[in-house]
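Here is what each chain is made of, one letter per residue.
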Amino acid sequence: MRWRGPTYRMVGGERVGEAWCHVWRRHRGSAEYFVEDLVAFADGAVGCGELTDLAGLERMLAAGRIAVTDPAAPPYEVPRASEPRAVAGR
C-alpha cells in the first residue's frame with residue numbers, strides 16, 4: 001500500500017500532526033470493504049475518505065461503513081487450554 005501524504009496537514013499556516021492506521025472501509029452503495037488509511041489529526045479531525053470529527057467516526061463505525069478488523073476474516077477463536085497431564089513420580 002502506498003503512503004498518500006505527509007505526516008501533518010497545514011491549517012492556517014500551522015502544521016497539525018497526525019497518526020494513522022489501516023481500516024476497512026465500505027464505500028456507499030457497495031457491499032465490499034477496501035483497506036484504507038484512517039488519519040487522526042491532533043486538532044480532533046479524522047480523515048477516512050472524507051474529513052469528519054470523532055462523532056462522525058463513531059457514526060461511521062456504528063453504521064458499518066468502517067471496520068477495524070477484516071470483516072471477511074473468519075472469527076478468531078481463543079485456543080482452549082490443554083488438559084493437565086499427570087507428572088511422573090507425583
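Residues numbered from 1 in each chain as written. Predicted model: local features only at pLDDT ≥ 70, side-chain atom pairs only at ≥ 80, totals over all residues. Heavy atoms only, no water.

K.L.:
Outline the pattern of salt bridges, listing residues and values.
P.N.:
Under the definition given, this model contains 2 salt bridges. Note that Arg65 is salt-bridged to Glu50, the shortest N-O span being 3.0 Å. Taken together, the residues Arg65 in the loop between helix 1 (54–62) and strand 6 (66–67) and Glu50 in the loop between strand 4 (46–47) and strand 5 (51–52) connect sequence positions 15 residues apart. On the basis of relative accessibility, which here comes to 32%, the residue Glu50 falls in the partly exposed class. (Salt bridge = Lys/Arg side-chain N within 4 Å of Asp/Glu carboxyl O. Helix = DSSP H or I, 4+ residues; strand = E, 2+ residues; numbered from the N terminus. Buried < 20%, exposed > 50% of the residue type's maximum accessible area, 1.4 Å probe, protein only.)

K.L.:
Summarise the side chain of Glu36; cite the residues concerned and give the values.
P.N.:
Counting through the fold element by element, Glu36 comes out in strand 3 (residues 33–41). On the basis of relative accessible area, Glu36 is assigned to the buried category, the value being 9%. For Glu36, the side chain forms a polar contact with the main-chain nitrogen of Gly49, separated by 3.1 Å. (Polar contact = N/O pair within 3.5 Å; in protein donor to acceptor, adjacent residues only side chain to side chain.)

K.L.:
Quick one: what's the story with the environment of Ala72, residue by residue and with numbers?
P.N.:
For Ala72, the location among the structural elements is in the segment after strand 6. Its relative accessible area of 67% is what places Ala72 among the exposed residues. With 40 residues separating them along the chain, Ala72 and Glu32 place their C-alpha atoms 9.3 Å apart.

K.L.:
Which residues make up the pairing of strand 1 (residues 8–11), and what values do they have?
P.N.:
The pairing of strand 1 with strand 2 (residues 14–26) spans 4 bridges and is antiparallel. By the bridge assignment for strand 2, Tyr8 is matched with Gly17. What sits between strand 1 and strand 2 in their antiparallel hairpin is a turn of 2 residues, with Gly12 showing a positive phi close to 60°. (Pairing = 2+ DSSP bridges.)

Don't take any of this as a statement about function, it's just geometry.
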